[in-house]
Each structure stands twice: as structure tokens, then as C-alpha cells.
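Results of the structural survey
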Amino acid sequence: MSELIAGVLGAAEASPVLFSVLGLEVTSRVTTMWAIMAVLVLVSFLATRNMQRIPHGVQNLMEWAVESLLNFFAGIMGYEKARRFLPLLVTLFIFILLSNYSGLIPGAGEIPGLAAPTSTWSVTAGLAIVVFFATHVSGFMAHGWRYLKHFTQPLFFMLPLKIIEEFVRPLSLSLRLYGNIFGEEMVIVSLLGIIPYFVPIAMMGLSLLMGFIQALVFTLLSSVYLTEATEAE
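Quick caveat, the model's predicted, so the values are computed rather than measured.

Parameters and conventions
- Residues numbered from 1 in each chain as written.
- Predicted model: local features only at pLDDT ≥ 70, side-chain atom pairs only at ≥ 80, totals over all residues.
- Heavy atoms only, no water.
- Helix = DSSP H or I, 4+ residues; strand = E, 2+ residues; numbered from the N terminus.
- Buried < 20%, exposed > 50% of the residue type's maximum accessible area, 1.4 Å probe, protein only.
- Contact = heavy atoms within 4.5 Å.
- Areas by Shrake-Rupley, 256 points an atom, 1.4 Å probe, with all protein chains shown as cover.
- Core = buried A, V, L, I, M, F, W, Y, C linked by side-chain atoms within 4.5 Å.
- Axes fitted to C-alpha atoms, helices over the stretch in contact; angles between N-to-C directions.
- Parallel < 35°, antiparallel > 145°, perpendicular 65-115°, else oblique.
- Nonpolar A, V, L, I, M, F, W, Y, C, P; charged D, E, K, R; others polar.
- 1 Å grid on protein atoms, 1.4 Å probe; cavity = no way out; pocket = protein on both sides within 12 Å on 5 of 7 lines; lining within 4 Å.
- Points joined across faces, edges and corners; volume = space filled by probe spheres on them.
- Polar contact = N/O pair within 3.5 Å; in protein donor to acceptor, adjacent residues only side chain to side chain.

Comments concerning the overall build of the chain
Scanning the chain from N- to C-terminus turns up seven helices and two strands. From first element to last, N terminus to C terminus, the chain shows the α and β order α-β-β-α-α-α-α-α-α. Each of the 233 residues in the chain was classed as buried or not, and the buried ones make up 36%. Pairs at least 24 residues apart make up 66% of the contacts formed inside the chain by residues separated by at least 6 positions. When the accessible surface of the chain is summed, it comes to about 13,600 Å², and 72% of that surface belongs to carbon and sulfur atoms.

Here it is in C-alpha cells:
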């Protein structure tokens, strides 16, 4: 059993260096991120290269996706804020969703150059840091130096707790996403080693739902943080 667990952990965590660029190590998770970014750029180009008043094809699909997300976030942030932060939130959602689903491609984690980016904490932590800075920069842009007052509300002695809370937020965002995706990979790999048929397929089907939920939760909490930082006093 211990050998099986060690094998599962090794399969899930292992990401050998493929090559180096300017002294920086490039792993399978990095190349997968590059592929996802290339797909997003290509789809965006195809959807916007010849905009039509009556959308069709890729443009129609993209407009439906963006409008659906806009309406969703408008119910949380209000329409004006949703439009303002939509590029950031939509980018986070789509990137995380595709990253989660990349781990379900047959051979992911075993084929060099293919591994789910969100199954490593460095990637999820990077995304959470982006949200952290976006939140506080937006707060300063909305309120100026008065933004610092909310750290002492409702009482001044709350300042240490408020500061801790601000750093715990990105930590919890990154760990929640990483833990769920990494855990799913471990379960699928272990099931493939024990029961190679049917059960792993059912688990992969469940992972489709969980991957969507995790992407939605990350962007949902990000929208809440942005709303709190920019709301009227």
C-alpha cells in the first residue's frame, strides 16, 4: 500500500524539467500553460477578426459566453463594476477552467509537455497574487488613501486581524484550487492502478463538474474581494 501511495504521489507531483530558457526551468505544466494561452489568443483572434452585427460561428459562441458571465457577475458586483472587471474575471475563469480540464486529457501527467497547471501550488499562488494586487490597487484607485481606513473598521485594534485576513485570502484561494485539482489527480491515478476500467471513467466525469465549480468559485470570490475594495464608504 505504501508503494502504491508513493507511486500516486510521484505521478501527481512529478514534473521533470523539459528544457531551460534564460536559465529558467520549463516543465510540462509550463508548456501546458503556454498551449492554453495560445488557444485563448487564437480563439479571441478568430472571434474578433471580422465582427458582424449578427454574430455567427466563433463570434456567436464567445459573445454568449461573455454575456453569460457578465450577467452572472452583475448580480454580485452591479452592472458597472462587472463591466469594469470583466476582462480580469473572464480571463481568470477561462484560464483556470481549461487548466483544470487539461488534466483530464489522456496521458496528462505522463506525456512530457502535458500536465494540469493548476495541480501545482506555484500556479494557483500566482493567480491568487494577481487577485491580491488587483483588489488593493482597485481599492486605492476608488478611494485614494482613505482606502486604508477600512483596515481599522469598526475599531482600531482590529488592524492586525484585518492585515492577517488580507494575506489569508489569497492563501486560501490558492490552496483551495490546488488542493482540489491535485486531489482529483491522485484519486484518478490510484483508481487507474487498481481498477483500470469504468470506475476511473466515472471519476473523470465527476472531475468535469468539479473543475468547472473550482474555476467558478475562484472567480466568484475574486469578484467579492474586488467589490468590497471598491464599494462606497
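Quick notes on the nonpolar core
Core analysis: the biggest nonpolar cluster contains 31 residues, and Phe 73, Leu 127 and Phe 218 have the highest contact counts within it. Those elements giving two or more residues to this core turn out to be helix H2 (28-48), helix H3 (57-77), helix H4 (79-102), helix H5 (121-143), helix H6 (159-194) and helix H7 (199-230). Here the element with the most residues in this core is H4; it accounts for 10 residues. Once residues within four sequence positions are removed from consideration, Phe 218 is found in contact with Leu 92, Ile 96, Leu 127, Ala 128, Val 131, Leu 173 and Leu 177.

Here we look at the packing of H4 against H5
It is the contact of H4 with H5, at a shortest axis distance of 12 Å, that shows an interaxial angle of 175°. Between H4 and H5, the interaxial angle falls into the category roughly antiparallel. Two secondary-structure elements touch here, H4 through Arg 84, Phe 85, Leu 88, Leu 92, Phe 95 and Ile 96 and H5 through Leu 127, Val 130, Val 131, Ala 134, Ser 138 and Met 141. The residue inventory of the contact of H4 with H5, partitioned by class, reads 10 nonpolar, one polar and one charged.

Brief notes about the layout of surface pockets
For the largest pocket, the calculated volume is near 580 Å³. Lining of the largest pocket is provided by 23 residues; of these, Met 62, Ala 65, Val 66, Val 90 and Ile 94 occupy positions nearest its centre. For the lining of the largest pocket, the elements supplying multiple residues, two or more each, are H2, H3, H4 and H7. Partitioning the lining of the largest pocket into residue classes produces 18 nonpolar, four polar and one charged.

Side note on the side chain of Thr 124
Counting through the fold element by element, Thr 124 comes out in helix H5. Overall, Thr 124 belongs to the buried group, its relative accessible area being 0%. Within the structure, Thr 124 has its side chain in polar contact with the backbone oxygen of Trp 121 (distance 3.1 Å). Looking at Thr 124, its side chain comes within polar contact range of the main-chain oxygen of Ser 174, at 3.1 Å.

As for the environment of Ser 122
Within the element layout of this structure, Ser 122 appears in helix H5. Sequence separation between Ser 122 and Tyr 178 is 56 residues; the distance between their C-alpha atoms is 9.0 Å.

Notes on empty space enclosed by the protein
For the structure shown, the criterion picks out two cavities of 30 Å³ or more. Looking at the largest cavity, its volume works out to about 80 Å³. Forming the boundary of the largest cavity are 11 residues, of which Asn 100, Leu 104, Ile 181, Glu 184 and Ser 207 lie nearest the centre. Of all the secondary structure elements, the ones that give two or more residues to the lining of the largest cavity are H4, H6 and H7. It is H6 that contributes the most residues to the lining of the largest cavity, four residues altogether. Residue classes in the lining of the largest cavity are distributed as five nonpolar, four polar and two charged. As a volume, the second largest cavity reaches approximately 70 Å³. If you trace the second largest cavity, you find it lined by Ala 128, Val 131, Phe 132, Thr 135, His 136, Glu 166, Arg 169, Pro 170, Leu 173 and Tyr 225. Breaking the lining of the second largest cavity down by element, the ones donating at least two residues are H5 and H6. With five residues, the top contributor of residues to the lining of the second largest cavity is H5. In terms of residue class, the lining of the second largest cavity is built from six nonpolar, two polar and two charged.

Purely geometric numbers; function is a separate question.
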